[in-house]
Amino acid sequence: MLPFSFVSKGNDISAACAIAVETSEFDIYFDEAADDRHEIASLTKIMTVVIALENGGDLSRVVTVADEAIGTEGTSIYLKSGEQMTVSDLIWAVLLNSANDASVALAVAVGGSVEEFVAMMNAKAYALCMNATHYVNPNGLPAEDHYSSAKDLAILACYALSVEGFKEISSSYTHSIPYDGVANGRQLVNHNKLVKQYDGCIGMKTGFTKSAGRCLVTAAQRDGVTLVCVTLDDGNDWNDHKTLLNIGFDTYERVVLSAQSEQGFGIPVAGEERLVLCANEADVSAVLKKDRSEVIKSLNVPDFVYGPINLHDKIGTVTYKYNGKVIGEDSIVVIETDP
């Protein structure tokens, strides 16, 4: 499902487990024990929010906070018994403020019970081929058989960026939700300080327990290149993520393979003394290594066409390959019938 290639950069990273990938092809450019199972603390909440965004229905729906969420240990937004919140507000509290009580409330609101919601989390992990992952709860508090791997978390992070609403929340630094009848009574602050410290950071999630250590998933985007980094049990995680992201942006670039209508050429019309002008239909680009070898372009068009010919008729294709793999393709269409 997710093809990748590995480029070793050496191990100058403090994490017990780590991975860094370019997301368009899941191209791994740093790997340290990335397949090993490890406690993941609040990185769990990436999956919690993905499940809620995809299955929560109307996110403006008001729900009554489940009693079992009240007083959940660890980071909290201090939910009260009988308090009413929207599903959206709970999602923001989980991802931005890492609220354990909001995670339980959200699980009950979306799944009907914590147990059913966790079953949805594990089903999604299976569907994403996260083969070293198993969830027991929606917040990442220490529990037997609750674990993942750096590679699985990178797979999840890449997927999460495609889920509507996730990136907006993850990349926000502050947000307000209600408290005790006051509309903006709770001020949420993103725990991932790289959102402010690193140019292009689009957030993701922090985590910490004594047994898991410091855990961090970060995504960043510059000039059409998107990277994801994961570190587990890393006492120097902020600097390590900056290092890994810098390596990635030094390694990859988005390359324009062709701009719309750039490749114009004439094709004869059978039985007529005229040509029709054809060209590629859209912009085509791909993320490639800066020290790449040649990209091969293959044009597949007929020697002539039969009339009648209309504007925008598709008459062929153009394909771009790198290292034997298709990295881009486009239609060749008619852009002028009587040049």
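Residues numbered from 1 in each chain as written. Predicted model: local features only at pLDDT ≥ 70, side-chain atom pairs only at ≥ 80, totals over all residues. Heavy atoms only, no water.

## Quick word on the pattern of salt bridges
For step 1, the next point in the chain: A full pass over the atoms with the stated rule returns eight salt bridges.
For step 2, the next point in the chain: The partner of Asp27 in a salt bridge is Lys289, and the shortest N-O contact between them spans 3.1 Å. With Asp27 in strand 2 (residues 27–32) and Lys289 in strand 13 (residues 284–289), this pair connects stretches of sequence that are 262 residues apart.
For step 3, the next point in the chain: Residue Arg292 is joined to Glu253 by a salt bridge in which the shortest nitrogen-to-oxygen separation is 2.7 Å. On the criterion of sequence distance, the pair formed by Arg292 in the loop between strand 13 and strand 14 (296–300) and Glu253 in strand 10 (residues 252–258) is long-range, its members being 39 residues apart.
For step 4, the next point in the chain: Looking at Arg292, the relative accessible area reads 28%, which means it is partly exposed. (Salt bridge = Lys/Arg side-chain N within 4 Å of Asp/Glu carboxyl O. Helix = DSSP H or I, 4+ residues; strand = E, 2+ residues; numbered from the N terminus. Buried < 20%, exposed > 50% of the residue type's maximum accessible area, 1.4 Å probe, protein only.)

## So, helix 5 (residues 150–160)
For step 1, the next point in the chain: Taken across its 11 residues, helix 5 has 10 buried, putting it largely inside the fold.
For step 2, the next point in the chain: Among all positions in helix 5, only Ala150, Lys151, Asp152, Leu153, Ala154, Ile155, Leu156, Ala157, Cys158 and Ala160 are buried.
For step 3, the next point in the chain: Where helix 5 is buried, its residues touch strand 1 (17–22), helix 1 (44–55), helix 6 (166–170), strand 7 (201–209), strand 8 (213–222) and strand 9 (225–232). (Contact = heavy atoms within 4.5 Å.)

## Topic: helix 2 (residues 87–97)
For step 1, the next point in the chain: Taking burial as the measure, the 11 residues of helix 2 include 10 buried ones, the bulk of the element.
For step 2, the next point in the chain: If you check which residues of helix 2 are buried, you get Val87, Asp89, Leu90, Ile91, Trp92, Ala93, Val94, Leu95, Leu96 and Asn97.
For step 3, the next point in the chain: Ser98 occupies a position one or two residues after helix 2 and carries a positive phi of about 60 degrees.

## Comments concerning the packing of helix 1 against helix 4 (residues 114–127)
For step 1, the next point in the chain: Remark: helix 1 packs on helix 4, axes separated minimally by 10 Å, with the N-to-C direction vectors making an angle of 100 degrees. Put simply, helix 1 runs roughly perpendicular to helix 4. In this structure, helix 1 contributes Thr44, Met47, Thr48, Ile51, Ala52, Glu54 and Asn55 to the contact, and helix 4 contributes Phe117, Met120, Met121, Lys124 and Ala125.
For step 2, the next point in the chain: A class-by-class count of the residues in the contact of helix 1 with helix 4 yields seven nonpolar, three polar and two charged. (Axes fitted to C-alpha atoms, helices over the stretch in contact; angles between N-to-C directions. Parallel < 35°, antiparallel > 145°, perpendicular 65-115°, else oblique. Nonpolar A, V, L, I, M, F, W, Y, C, P; charged D, E, K, R; others polar.)

## Some points on the sheet that holds strand 2
For step 1, the next point in the chain: Read across the sheet, five strands follow the order 2-1-9-8-7 without closing on themselves; strand pairing throughout is antiparallel. In this open sheet, the two strands that pair with only one neighbour each are strand 2 and strand 7. In this sheet, adjacent strand axes meet at a mean angle of 5 degrees when their direction is disregarded.
For step 2, the next point in the chain: Relative to strand 8, strand 7 is paired through seven bridges, and the arrangement is antiparallel. Its bridge partner being in strand 8, Thr209 is matched across the sheet by Gly213.
For step 3, the next point in the chain: Where helix 8 (residues 237–251) meets the sheet, it contacts strand 1, strand 2, strand 7, strand 8 and strand 9, and its direction lies at approximately 30 degrees from that of strand 8. (Pairing = 2+ DSSP bridges.)

## Structural notes on the sheet that holds strand 12 (residues 275–280)
Strand pairing in a sheet takes place through backbone hydrogen bonds and is either antiparallel or parallel in direction.
For step 1, the next point in the chain: Read from one edge to the other, the open sheet built from five strands follows the order 11-12-16-15-14, with strand pairing classed as antiparallel. The two strands at the open ends of the sheet, each matched to only one other strand, are strand 11 (265–268) and strand 14. Taken over all neighbouring pairs, the strand axes of this sheet differ in orientation by 30 degrees on average, direction set aside.
For step 2, the next point in the chain: Note that strand 14 and strand 15 (residues 314–322) share five bridges and pair antiparallel. What sits directly across from Asn300, in strand 15, is Thr317.

## Some details on the environment of Glu281
For step 1, the next point in the chain: Within the secondary structure, Glu281 is located in the loop between strand 12 and strand 13.
For step 2, the next point in the chain: What makes Glu281 partly exposed here is its relative accessible area of 39%.
For step 3, the next point in the chain: It is 5.7 Å that separates the C-alpha atoms of Glu281 and Gln260, two residues lying 21 residues apart in sequence.
For step 4, the next point in the chain: Ignoring anything within four residues of it in the chain, the contact list for Glu281 reads Gln260, Asp330, Ser331 and Val333.

## Structural notes on the nonpolar core
For step 1, the next point in the chain: Grouped together as the largest cluster of nonpolar side chains are 70 residues, with contacts concentrated most on Ile77, Tyr135, Phe166, Val228, Val230 and Leu232.
For step 2, the next point in the chain: Once residues within four sequence positions are removed from consideration, Tyr135 is found in contact with Ile40, Thr44, Met47, Val118, Met121, Asn122, Ala125, Met130, His146 and Leu156.
For step 3, the next point in the chain: By size, the runner-up hydrophobic cluster in this structure holds 21 residues, among which are Phe30, Tyr198, Leu245 and Val287. (Core = buried A, V, L, I, M, F, W, Y, C linked by side-chain atoms within 4.5 Å.)

## Some words on the confidence of the model for the chain
For step 1, the next point in the chain: Put simply, the chain has an average pLDDT of 93, and 96% of its residues get 70 or more.
For step 2, the next point in the chain: Confidence over residues 1–10 falls short of pLDDT 50; this stretch has 29 contacts with residues more than four positions distant or in other chains. (pLDDT = per-residue confidence, 0-100.)

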